[in-house]
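# Remarks on the overall topology
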Amino acid sequence: MRPVLLGVRSLSRVLELAAPARRCCSGVSGKGVRVRFAPSPTGFLHLGGLRTALYNYLFAKKNGGSFILRLEDTDRSRLVPGAAESIEDMLEWAGITPDESPRRGGPCGPYEQSRRLDLYRAAAQALLDSGAAYRCFCTPQRLELLKKEALRSRQTPRYDNRCRHLTEKQVQEKMSRDSPYVVRFCLSKGAQPFQDLVYGWIQHDVASVEGDPVIIKGDGFPTYHLANVVDDNSMNVSHVLRGAEWLISTAKHLLLYQALGWEPPQYAHLPLLLNKDGTKLSKRQGDIFIQHYAQSGYLSDALLDLITNCGSGFTENQMGRTLDTLIQQYDLEKTSTHSALLDLDKLPEFNRIHLTQWIDGAETREQLVTQLRTLVQDAYGDLVLDKEHIERILLLRKGHVCRLTDLLSPAYSYLWVRPSVPGEQLHSLSREASEIASMAVRLLQDPSNEFTAEMLNGELRSRLHQLKETKFSSAMTLLRLMLSGQEHGPSVAEMMLSLGPQESVIRLQNTLSN
Ligand code: GLU
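These numbers come from a predicted model, not from an experiment.

### Topic: the nonpolar core
Note that soluble globular proteins tend to have their nonpolar side chains buried in a common cluster. Core analysis: the biggest nonpolar cluster contains 139 residues, and L47, L58, I96, L226 and L464 have the highest contact counts within it. Counting residues per element, this core draws most heavily on helix α2 (residues 47-62), which supplies 9 residues. With near-sequence residues (within four places) excluded, I96 lies in contact with L50, A53, L54, Y57, F67, L91, L304 and L323. Within the second largest apolar cluster, 8 residues are counted, among which are Y134, C136, C138 and C186.

Quick look at the structure:
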């Protein structure tokens with residue numbers, strides 16, 4: 001059915017609805033906002049996941065609550081080695097560090113579902129005892145047959161709930177023969193509508209379209225639905241903010257809460273995140289993984305800003321918002337139900353804006369100095385690069401480069417590596433090469449000169465025009481070559497400013513002594 005938007009969704013209402021009556025986790029009071037990001041480590045963190053984590057983080061911080069990372073790792077066959085660690089690394093990289101997590105621990109741990117099996121088994125047992133769940137002995141062959149029959153008659157495959165009707169005696173008989181079984185939850189008919197904080201009133205009579213779902217698999221592990229409900233309850237989760245693809249599962253989750261006698265959290269489903277042309281963000285395009293952006297020199301602030309600029313949770317779109325500003329301005333009520341279209345082509349521009357802000361901030365500039373030093377050393381070998389040199393370059397290039405890695409391009413290599421130009425090459429260009437270099441050294445060492453582009457341009461022009469044999473433009477090419485080893489590129493004044501007077505003098509003198 002079409003979701004109906006709520007007329008009024010004030011935040012006070014959102015929070016007032018929270019107050020859960022029962023929770024199991026000791027050490028956490030029943031009231032207050034607690035949200036969780038619950039990825040399955042079956043892959044690395046991608047843009048969709050980061051968006052869900054970010055909105056949970058913003059909602060928690062806006063409301064003085066806690067943000068939990070819980071790993072839903074019960075599907076053992078699909079685990080990807082290293083993914084669990086990497087997901088937490090990437091959240092930390094993005095600055096949306098969880099308050100409670102596998103790495104950090106917390107009062108409701110452990111935070112990996114594979115370490116909480118007793119809780120799920122106890123919940124499943126409670127459901128079996130009350131008759132809300134049953135053991136299903138159907139063989140994979142029978143289930144496959146049901147599926148084939150449904151497909152042949154163009155029906156959606158669903159389990160026919162056959163084992164729901166086994167007598168106690170039949171169950172005992174099968175158990176005594178050690179017949180393998182799973183546990184299924186009885187979906188009761190006529191699920192109540194629920195109020196999603198984004199999509200409004202939703203009614204989904206799940207029992208009329210699905211068979212009873214498995215809650216404990218043959219290997220004793222729970223399925224997503226049971227584990228998710230048990231953990232949201234036992235971790236005192238007050239609000240579940242998750243992707244709209246889970247909206248359809250919520251009716252099932254609410255039936256589980258009802259059967260277990262627990263009060264459910266509030267649900268807020270976030271619209272899908274799509275490419276700007278409306279196509280699905282595919283995990284096969286390697287560039288949706290967060291690691292890719294971290295390794296390519298993007299700032300996390302730029303990525304978060306871009307994600308929040310596709311129409312959800314804010315009064316208006318605005319470039320350049322930092323995480324603190326995002327927290328201040330975030331408003332769950334402003335979440336739209338339209339799919340969010342992500343324009344990744346804008347990322348370099350977002351990064352340019354954030355890089356400028358980082359260069360302006362003293363603390364963040366320090367971080368950039370360290371990062372850039374490492375990048376340069378990785379690219380050009382173990383050079384000695386003093387802080388002032390790197391800082392000067394950052395300040396001068398501010399607003400002109402999108403990423404720190406842009407400063408590693410061949411055009412900027414002169415910033416990091418002293419050129420070695422053979423004397424003959426210089427002298428073959430002009431017999432006045434030494435004179436030109438000395439003239440420039442005198443200019444750079446003259447304390448009465450203010451070291452600006454204007455001064456350098458003016459002085460170079462007037463001094464080099466006095467040369468007898470060399471044209472002004474050739475003299476400039478020669479100086480560029482001495483300073484950078486490149487005949488073409490930025491202006492001589494720009495190079496001198498970037499290198500600073502001391503380094504420029506060293507380079508000019510080096511060429512003189514060659
Ligand atoms: N483990 C689910 C996922 O991978 C969690 C969904 C939810 O937040 O309930 O997205």
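### Topic: the pairing of strand β9 (residues 266-270)
Within β9, 5 of the 5 residues are buried, which leaves the element mostly enclosed by the surrounding structure. With burial as the criterion, each face of β9 is covered, one bearing Q266, A268 and L270 and the other bearing Y267 and H269. Relative to β9, strand β8 (residues 239-243) is paired through 5 bridges, and the arrangement is parallel. By the bridge assignment for β9, L241 is matched with A268.

### Notes on the site of the ligand
Near the ligand the following residues occur: R36, A38, S40, E72, Y224, N228, R242 and W246. At 2.8 Å from a nitrogen atom of the ligand is found a main-chain nitrogen or oxygen belonging to A38. N228 places a side-chain nitrogen or oxygen 3.0 Å from an oxygen atom of the ligand. About the coverage of the ligand: the protein hides 83% of its 300 Å² of free accessible area. Grouping the constituent residues of the shell around the ligand by class yields 3 nonpolar, 2 polar and 3 charged.

### Describing the environment of G261
Summarising the element assignment, G261 is placed in the loop between α8 (247-260) and β9. Accessibility expressed as a relative area gives 56% for G261, which makes it exposed. Distance in space between the C-alpha atoms of G261 and E363 is 51 Å, their sequence separation being 102 residues.

### A closer look at the pairing of strand β1 (residues 34-37)
Going residue by residue along β1, you find R34 and R36 tucked away on one face and V35 and F37 tucked away on the opposite face as well. With 4 bridges joining them, β1 and strand β2 (residues 66-69) adopt parallel strand pairing. When the sheet's bridge partners are listed, V35 is paired in β2 with F67. Taken together, β1, α2 and β2 form a β-α-β motif whose crossover is right-handed.

### Quick notes on the packing of helix α12 (residues 347-360) against helix α13 (residues 362-380)
The contact between α12 and α13 brings their axes to 5 Å, and the two run at 105°. Comparing their axes, α13 and α12 come out roughly perpendicular. Side by side, α12 and α13 meet where L355, Q357, W358, I359 and D360 of the first sit next to A362, T364, R365, Q367, L368 and Q371 of the second. Grouping the amino acids of the contact of α12 with α13 by side-chain chemistry returns 5 nonpolar, 4 polar and 2 charged.

### Re the confidence of the model for the chain
Should pLDDT be low for a region, the predicted coordinates there are not to be read in detail. The predicted model of the chain averages 92 in pLDDT, with 93% of residues at 70 or higher. Confidence drops under pLDDT 50 across residues 1-22; counting only partners more than four residues distant or on other chains, this segment forms 48 contacts.

### Some words on the state of the cysteines
This model, assessed by the stated rule, comprises 0 disulfides. The thiol of C163 is not disulfide-bonded; the next cysteine sulfur, from C138, is found 3.6 Å away.

### What to know about the pattern of salt bridges
Following the criterion strictly, the structure yields 29 salt bridges and no others. Of the charged contacts in the structure, one is a salt bridge between R70 and D231, with a shortest N-O distance of 3.8 Å. Linking R70 in the loop between β2 and α3 (83-93) with D231 in helix α7 (residues 224-234), this pair joins segments that are 161 residues apart in sequence. Between R164 and D212 there is a salt bridge; the shortest N-O distance is 2.7 Å. One end of the pair, R164, is in the loop between α5 (140-152) and α6 (168-176); the other, D212, is in the loop between β6 (200-202) and β7 (214-216), with 48 residues separating them in the sequence. For R164, a relative accessible area of 31% translates into the label partly exposed.

The rules behind these values
Residues numbered from 1 in each chain as written. Predicted model: local features only at pLDDT ≥ 70, side-chain atom pairs only at ≥ 80, totals over all residues. Heavy atoms only, no water. Core = buried A, V, L, I, M, F, W, Y, C linked by side-chain atoms within 4.5 Å. Buried < 20%, exposed > 50% of the residue type's maximum accessible area, 1.4 Å probe, protein only. Helix = DSSP H or I, 4+ residues; strand = E, 2+ residues; numbered from the N terminus. Contact = heavy atoms within 4.5 Å. Pairing = 2+ DSSP bridges. Near = heavy atom within 4 Å. Polar contact = N/O pair within 3.5 Å; in protein donor to acceptor, adjacent residues only side chain to side chain. Areas by Shrake-Rupley, 256 points an atom, 1.4 Å probe, with all protein chains shown as cover. Nonpolar A, V, L, I, M, F, W, Y, C, P; charged D, E, K, R; others polar. Right-handed = clockwise from strand over helix to strand, strands pointing away. Axes fitted to C-alpha atoms, helices over the stretch in contact; angles between N-to-C directions. Parallel < 35°, antiparallel > 145°, perpendicular 65-115°, else oblique. pLDDT = per-residue confidence, 0-100. Disulfide = S-S within 2.5 Å. Salt bridge = Lys/Arg side-chain N within 4 Å of Asp/Glu carboxyl O.

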